[in-house]
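A closer look at the structure
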Amino acid sequence: MPVRIPNTLGLDAFADNYYEYADAGQLAACLAAAPKPWLPVGGGSNLLFSKPAVEGSVFHCTDTSWEASRGNGYVRVRVGAGMRWDDFVKLCVDNEWYGAENLSLIPGDVGAAAVQNIGAYGAEAGSLVSSVEVYDTVEGLPRVFFPDECEYAYRSSIFKKSGKRYFVLKVVFKLSLIPSFSLNYGNLAGSIEGEPTLQKVRDAVIATRQAKLPDPEVIGSAGSFFMNPVVSEETFAALQARYPDMPHYPAAGGVKLSAGWLIDRSGCKSMTVGDAGVYEKHALILVNRGHATAADIIRLAEDITAKVESVFGVRLQPEVETV
Ligand code: EPU
């Protein structure tokens, strides 16, 4: 019996070969029998299934365990890749561990967070990582990656760049026991009354996300569909001369622009293909308003990419992965 693969875009996706594993031994046993290609999935919140019948085999980590060990001023928390990311953030806030609170309510699992280097409100998961324990499907062995080997960058990592070679088993995070907050992004500081606490920051982030982003339980989406593009200083200077109000941020290798703003300002917000559309409250998010097919969403993304490129000369790259 084919198994339905949950995905927040709400697309039909069925796998004939679906395996769940909790540790390296179980995964190795599954892989030995599994037809290729091999696709590990977390919460399905960053995937666009291009066809209802998923080729090869799909794997899901069910390890939601955690253990903590305290050091001087910090705590290391070793978390199973299958724990929901927001359960991990809640665990940190409840225990007064500092660092993950700005990443509240991001959908997906801990393993995917370490692959994707999820980020929001000035924080990134990669900067909390102390090590990542994976199964190397090429060598057929477990392996540990330390931060200098993870190649963390904006929404990228060695794991993301290596195809599906590494399946995450555990992520070890290092969090601070000493109160410190990062509230400089947008209006986060302004939405907190009095002295910040971890719970107040978490509540403010959740309220901001709920006001701007669709609830995947209600309307299908995969969060930001595109990455924010990084352009050269020269390209930016030419664009800024034409669009002085263009949002921009310093970035490695140039200047980061806001894809949401580019999509909005190039007049794409009203674009639709079938039931696929652009979310009214945030242009970076493509939504499935009912029965959109993968082809509808792909076509809409292509139309938006072409329009933004024709207006601004900047080519958007998807953040969502099509499989
Ligand atoms: N903007 C518009 N029109 C829009 C949407 C945004 O003009 O329809 C402008 C905003 O006014 C703002 C700028 O674009 O000046 C940036 O918008 P925002 O602060 O909402 O953040 P973002 O860059 O669009 C990123 C992440 C989000 C994350 C937010 C908040 C990426 C691809 N996306 O969005 O992550 O929640 O910052 O930190 O980096 C996700 O990855 O799925 C995701 C939701």
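See the structure printed just above.
Residues numbered from 1 in each chain as written. Predicted model: local features only at pLDDT ≥ 70, side-chain atom pairs only at ≥ 80, totals over all residues. Heavy atoms only, no water.

**So, the sheet that holds strand 13 (residues 220-224)**
The strands making up a sheet associate through hydrogen bonds between their backbones, and the pairing can be parallel or antiparallel. The strand order 13-19-18-17 describes an open sheet built from four strands, whose pairing is antiparallel. The sheet is open, and its two edges are formed by strand 13 and strand 17 (272-273), each paired on a single side. As paired strands, strand 17 and strand 18 (residues 276-278) are joined by two bridges and run antiparallel to one another. Residue pairing for strand 18: threonine 272 is matched across the bridge by glycine 277. Against the sheet, helix 9 (residues 294-312) makes contact with strand 17, strand 18 and strand 19 (285-288), and its axis sits at roughly 35 degrees relative to strand 18, the strand it touches most. (Pairing = 2+ DSSP bridges. Helix = DSSP H or I, 4+ residues; strand = E, 2+ residues; numbered from the N terminus. Contact = heavy atoms within 4.5 Å. Axes fitted to C-alpha atoms, helices over the stretch in contact; angles between N-to-C directions.)

**Some thoughts on helix 1 (residues 24-33)**
Restricting attention to buried positions, one finds in helix 1 the residues Leu27, Cys30 and Leu31. Buried residues of helix 1 fall within an arc of 100 degrees about the axis and therefore sit on the same side. Facing away from the buried side of helix 1 by more than 90 degrees, the exposed set consists of Gly25, Ala29, Ala32 and Ala33. In the core, the buried residues of helix 1 are packed alongside strand 2 (14-21), strand 3 (38-41), strand 5 (53-61), strand 10 (129-136) and strand 12 (166-176). With a side-chain oxygen lying 3.1 Å from the backbone nitrogen of glycine 25, the N-terminal cap of helix 1 falls on aspartate 23. (Buried < 20%, exposed > 50% of the residue type's maximum accessible area, 1.4 Å probe, protein only. Arc of directions from axis to C-beta. Polar contact = N/O pair within 3.5 Å; in protein donor to acceptor, adjacent residues only side chain to side chain.)

**Considerations on the sheet that holds strand 14 (residues 230-231)**
Pairing is antiparallel across the open sheet formed by three strands, whose spatial order is 14-16-15. Sheet topology places strand 14 and strand 15 (248-251) at the edges, where each strand pairs with a single neighbour. The pairing of strand 15 with strand 16 (residues 254-257) spans four bridges and is classified as antiparallel. Residue pairing across strands places proline 250 opposite valine 255, the latter belonging to strand 16. Strand contacts of helix 7 (residues 233-242): strand 14, strand 15 and strand 16, with the helix running at about 50 degrees to strand 16, the strand carrying the most contacts.

**Examining the environment of glycine 80**
Note that glycine 80 resides in strand 7 (residues 74-80). A relative accessible area of 0% means that glycine 80 is categorised as buried. For glycine 80 and aspartate 23, which are 57 residues apart along the polypeptide, the C-alpha to C-alpha distance reads 9.0 Å. Not counting chain neighbours up to four residues away, the residues in contact with glycine 80 comprise Asp63, Ser65, Val110, Leu169 and Lys170.

**Topic: the pairing of strand 16**
As paired strands, strand 14 and strand 16 are joined by two bridges and run antiparallel to one another. Bridged to valine 231 within strand 16 is valine 255. Between strand 15 and strand 16, which pair antiparallel and follow one another directly, the connecting turn spans two residues, one of which, glycine 253, has a positive phi of 85 degrees.

**Some points on the side chain of asparagine 228**
Within the secondary structure layout, asparagine 228 lies in the loop between strand 13 and strand 14. At 2.9 Å, the side chain of asparagine 228 forms a polar contact with the backbone nitrogen of alanine 259. Sequence-distant contacts of asparagine 228, defined by excluding residues within four places in its chain, comprise Tyr154, Lys256, Leu257, Ser258, Ala259, Gly260 and Leu284.

**Here we look at the site of the ligand**
The environment of the ligand is formed by 23 residues, the closest being Tyr121, Tyr154, Arg155, Ser258 and His282. Interatomic distance of 2.7 Å between a side-chain N/O atom of tyrosine 185 and an oxygen atom of the ligand. In this structure, an oxygen atom belonging to the ligand sits 2.8 Å away from a side-chain N or O atom of lysine 212. In isolation the ligand has 820 Å² of accessible area, and contact with the protein removes 81% of it. The dominant element in the shell around the ligand, judged by the number of residues it contributes, is helix 8 (residues 259-265), at three residues. There are two domains that each give the shell around the ligand at least three residues, and those are domain 2 (66-212) and domain 3 (220-322). (Near = heavy atom within 4 Å. Areas by Shrake-Rupley, 256 points an atom, 1.4 Å probe, with all protein chains shown as cover. Domains from an automatic or database assignment.)

**Side note on the pattern of salt bridges**
Within the structure shown, the criterion is met by 19 salt bridges. Measuring nitrogen to oxygen at the nearest pair gives 2.8 Å for the salt bridge that ties lysine 170 to aspartate 63. On the criterion of sequence distance, the pair formed by lysine 170 in strand 12 and aspartate 63 in the loop between strand 5 and strand 6 (66-70) is long-range, its members being 107 residues apart. Residue classification places lysine 170 among the buried residues on the basis of a relative accessible area of 14%. For aspartate 63, a relative accessible area of 9% puts it in the buried group. The closest approach of N and O atoms between aspartate 94 and lysine 90, which form a salt bridge, is 2.8 Å. With aspartate 94 and lysine 90 both in helix 2 (residues 85-94) and four residues apart, the pair spans about one turn of that helix. (Salt bridge = Lys/Arg side-chain N within 4 Å of Asp/Glu carboxyl O.)

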